[in-house]
Amino acid sequence: LKHSSNFIQNAELLGLNVESTGTFALATTLGFASPIAPFAGFAAVVGVDTLRGTVEAGKRSRHAKKEEKANVTDFFRGVGYSAVEATHKGMIRRGATSGRGNVVDWVVGTTENTGEYLNKNKEKVGSAGGASAGVVVGTLLGGPVGAVVGGIVGGVATRTTIHEIDKQVDKKHAKNSDLKPGQLALDGT
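Everything in this summary refers to the structure shown in the same document. (Residues numbered from 1 in each chain as written. Predicted model: local features only at pLDDT ≥ 70, side-chain atom pairs only at ≥ 80, totals over all residues. Heavy atoms only, no water.)

**Focus: the pattern of salt bridges**
Working step 1: Applying the stated rule across the entire model yields 12 salt bridges.
Working step 2: Glutamate 85 is the partner of arginine 60 in a salt bridge, and the nearest nitrogen-oxygen pair spans 2.6 Å. In this pair, arginine 60 sits in helix H3 (residues 37-61) while glutamate 85 sits in helix H4 (residues 73-94), placing the two residues 25 residues apart along the sequence.
Working step 3: Arginine 60 gets classed as partly exposed once you look at its relative accessible area, which sits at 40%.
Working step 4: Salt bridges linked by common partners bring Asp49, Arg52 and Lys124 together as one network. (Salt bridge = Lys/Arg side-chain N within 4 Å of Asp/Glu carboxyl O. Helix = DSSP H or I, 4+ residues; strand = E, 2+ residues; numbered from the N terminus. Buried < 20%, exposed > 50% of the residue type's maximum accessible area, 1.4 Å probe, protein only.)

Here you go:
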């Protein structure tokens, strides 16, 4: 695995990505065991991504190369550096060119980062929510076995739906990008 670090991210089993399936399987398990089932899967996925993002921010803070191995201190460095990056992004949003920034800059930068994260990871986050909801429905209809099946079906169905909707939106944007400035798309599609 040392020479193929993206092995898990790219591996598929029965047409399902192993990493994503593992993520919503974890979401399913947490959803089944938790009284707040629909939120537990979402929290698990976002939590894992937050840890990864924090470690990556720590690597950026020490100017490590992207392919360089993370070390133990990267997480702790990343906590502070993520706040610095978010504050800087917020400063840029309000047009500041210098200074240290303030809490409002941090909130604006963090909000923008959250929006970017959700846009980039909507299939994964959506499938976690779908898996958790599938666990609830599956449990009601089929007990423990129904919970597992419901979680997997809910996760896969949600991911597929989000993917297909994104393709339709991309097609529509591509079609509308051919318009001249000021021209409207009046065909209703």
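**Digging into the side chain of threonine 87**
Working step 1: As for its placement among the helices and strands, threonine 87 is situated in helix H4.
Working step 2: With residues up to four places along the chain from it excluded, the contact list for threonine 87 reads Arg100, Gly101, Asn102, Asp105 and Trp106. (Contact = heavy atoms within 4.5 Å.)

**Comments concerning the packing of H4 against helix H5 (residues 103-120)**
Pairs of packed helices are described in terms of their axes, by the angle between the two and the distance that separates them.
Working step 1: Relative to each other, H4 and H5 sit at 100°, their axes nearing to 6 Å. Here H5 runs roughly perpendicular to H4, going by the angle between their axes. Contacts between H4 and H5 involve Ala83, Ala86, Thr87, Lys89, Gly90, Met91, Arg93 and Arg94 from the first element and Asp105, Trp106, Val108, Gly109, Thr110, Glu112, Asn113 and Glu116 from the second.
Working step 2: Per-class residue counts for the contact of H4 with H5 are 5 nonpolar, 5 polar and 6 charged. (Axes fitted to C-alpha atoms, helices over the stretch in contact; angles between N-to-C directions. Parallel < 35°, antiparallel > 145°, perpendicular 65-115°, else oblique. Nonpolar A, V, L, I, M, F, W, Y, C, P; charged D, E, K, R; others polar.)

**Let's talk about the packing of aromatic side chains**
Working step 1: A complete count under the given rule lists 1 aromatic pair for this structure.
Working step 2: Plain terms: the ring middles of phenylalanine 75 and phenylalanine 76 are 5.3 Å apart, the flat faces sit at 80° to each other, and that makes the pair edge-to-face.
Working step 3: Phenylalanine 75 sits in the partly exposed class, given a relative accessible area of 29%.
Working step 4: Under the relative-accessibility criterion, phenylalanine 76 is labelled exposed at 61%. (Phe/Tyr/Trp six-rings, centres within 6.5 Å; stacked < 30°, edge-to-face > 60°.)

**Examining H4**
Working step 1: With 22 residues, H4 should reach 32 Å at 1.5 Å per residue; the first-to-last C-alpha distance of 32 Å fits that figure.
Working step 2: The sharpest bend along H4 comes to roughly 30°, located at valine 79.
Working step 3: Of the residues making up H4, those classed as buried are Asp74, Gly78, Ala86, Thr87, Gly90 and Met91.
Working step 4: Glycine 95 sits one or two residues past H4 and shows a positive phi near 90°. (Expected span 1.5 Å × (residues − 1). Bend = angle between axes of the 7 residues up to and from the residue.)

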